Amino acid sequence: MDKFVIRGGNPLLGTVRVSGAKNSALPCMAAAILTEDEVILENIPQVRDIETQRRLLASMGAEVELGYGRAQHRTKICCRTLSDPEAKYEIVKTMRASSLVLGPLIARCGLARVAMPGGCAIGGRPIDLHIKGLEKMGATITQEHGYLEARAARLRGAHLLFDRITVTGTEDLLMAAVLAEGETLMENCAREPEVVDLASLLTAMGARIEGAGTSTIRVHGVTRLHGARHRIHPDRIEAGTFLIAGAITGGDLIVANCNHNHLGAVISKLQEAGVRVDLLGPDSVRVRADGRLRAADISTEEYPGFPTDMQAQFMALATQAEGVSQVKENIFENRFMHVQELVRMGAHIKVDGNTATVRGPSRLSAAAVMCSDLRASASLVLAALVADGESILDRVYHMDRGYERIEEKLRGVGAQIRRLGNIFAPRDEELIAR
Ligand code: EPU
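Residues numbered from 1 in each chain as written. Predicted model: local features only at pLDDT ≥ 70, side-chain atom pairs only at ≥ 80, totals over all residues. Heavy atoms only, no water.

(A) Geometry of the overall build of the protein. Broken down by element type, the protein carries 15 helices and 25 strands. Scaling as 2.2 N^0.38, a compact globule of 434 residues should have a C-alpha radius of gyration of about 22 Å, and the protein matches this with 21 Å. Summarising its shape, the C-alpha atoms of the protein cover approximately 60 × 45 × 40 Å along the three principal directions. Look at the contacts in the protein between residues 6 or more apart in sequence, and 74% of them connect residues 24 or more apart. As displayed, the protein has an accessible area near 16600 Å², and 46% of this comes from carbon and sulfur atoms. For the protein, the distance from the average site of its 52 positive side-chain charges to the average site of its 53 negative ones is 2 Å. (Helix = DSSP H or I, 4+ residues; strand = E, 2+ residues; numbered from the N terminus. Rg over C-alpha atoms; globule rule 2.2 N^0.38 Å. Contact = heavy atoms within 4.5 Å. Areas by Shrake-Rupley, 256 points an atom, 1.4 Å probe, with all protein chains shown as cover. Lys, Arg positive; Asp, Glu negative; His and termini not counted. Charge placed at Lys NZ, Arg CZ, Asp CG, Glu CD.)

This is how it looks when you write it as structure tokens:
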């Protein structure tokens, strides 16, 4: 199992480049199911979840080339034949986003078998809202032996009102609606930039969609979609993680190739914490922290609120800020797994229900710590960058799911971080407990 060895104390200086957004790339890859033609996606991040999505599509009969030609970050997907429209448990158990193939498979094949994802480290994460929407569109769904089986000769447009906001639920039903007969009106949709990214790919494929990025999306179903070429937008969570890395280490860091329009809530909280943030044109942000950090409260919300995917990283920053910061998690019920590891490094954090109270600043001391999920791992990397001594982070395969060569990127701006082990060799059973 790979580990990171991190010696804290170096301010991060220079420029770090952000990769493409994992959470856009995953639904965009699933969207290729909707056409027999070739879909080419650029700016695909080289992370483990993308490889898992490739395996999933390939297991259904799709031809998927990752990093073809000279372009390492490009993928070419062709779903001319889908001999086996099934998402097998072996793959779904390692990545919940596999359920994103449900909508496109029914829309394209009239049939989908998808293993029910179990809970995961950060919460129960049911997919009842995906199922409810597909049933409203005319699908018959049965559940047996841990699999959902969905059938519909052709889905019908419907009025869908989400009981609560769901990102992949919005994406899944959007992909179902584009080939449905008639009009679908979706209300209380997720407004995340990843939904907009998917909608622009679908539009390039010939779909008729209005309102993506707002809470009401209207889709006029078409009978056929064609191939397209699309560039995935930058990863706002990776960008936000680097902004905090610059701030927490008292550095002077330029985060390049990002879209600061997607980072509003994070940038405003960094400013509240006393960090100097300058926008350098449309795709670069400079972060500087030379004075003391101040406490700031956050409360996670759906976009454009403060992202749950940045909560753990912000908590690491709060341990270095003067005063008391309240961190409230409203999206997932169990997303405080990093807290006890931060406490082991010397942080003062108390959890009560969905609120963590962080009292800072604490002098963190290096320790052996365990990563429990993707963003918790990022939080521990950030803490280790300022801890006194050499920390060892175990189970960094969690990190590899969503951050592309993070150790190389951080080393490039002055961090002392190295990997022990082989990035490409985690065993399957290591990947399950996510
Ligand atoms: N929910 C339901 N029923 C559903 C769907 C969701 O009750 O049918 C609940 C969830 O349990 C959760 C809330 O609704 O409490 C929001 O969940 P959502 O469906 O929005 O999450 P997701 O689509 O499964 C995506 C990202 C997550 C990110 C969340 C929230 C992808 C592949 N994953 O998950 O990313 O945290 O939205 O923004 O897009 C990560 O990258 O580390 C990550 C976990």
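There's plenty left to go through after this.
(B) Layout of the domain arrangement of the protein. The assigned domain composition of the protein is domain 1 (3-19 + 235-431) and domain 2 (22-231). Between domain 1 and domain 2, the contact holds 31 residues from the first and 24 residues from the second. Carbon and sulfur atoms supply 47% of the area that domain 1 and domain 2 bury against each other, a total of about 2200 Å² over both sides. If you sort the residues of domain 1 by the area they bury against domain 2, Y303, R401 and E404 come out on top, with a joint share of 27%. Put simply, domain 1 and domain 2 have 2 salt bridges between them. Inspection of the domain 1/domain 2 interface yields 10 residue pairs in polar contact (both at pLDDT 80 or more). (Domains from an automatic or database assignment. Buried area = accessible area lost by both parts, 1.4 Å probe. Salt bridge = Lys/Arg side-chain N within 4 Å of Asp/Glu carboxyl O. Polar contact = N/O pair within 3.5 Å; in protein donor to acceptor, adjacent residues only side chain to side chain.)

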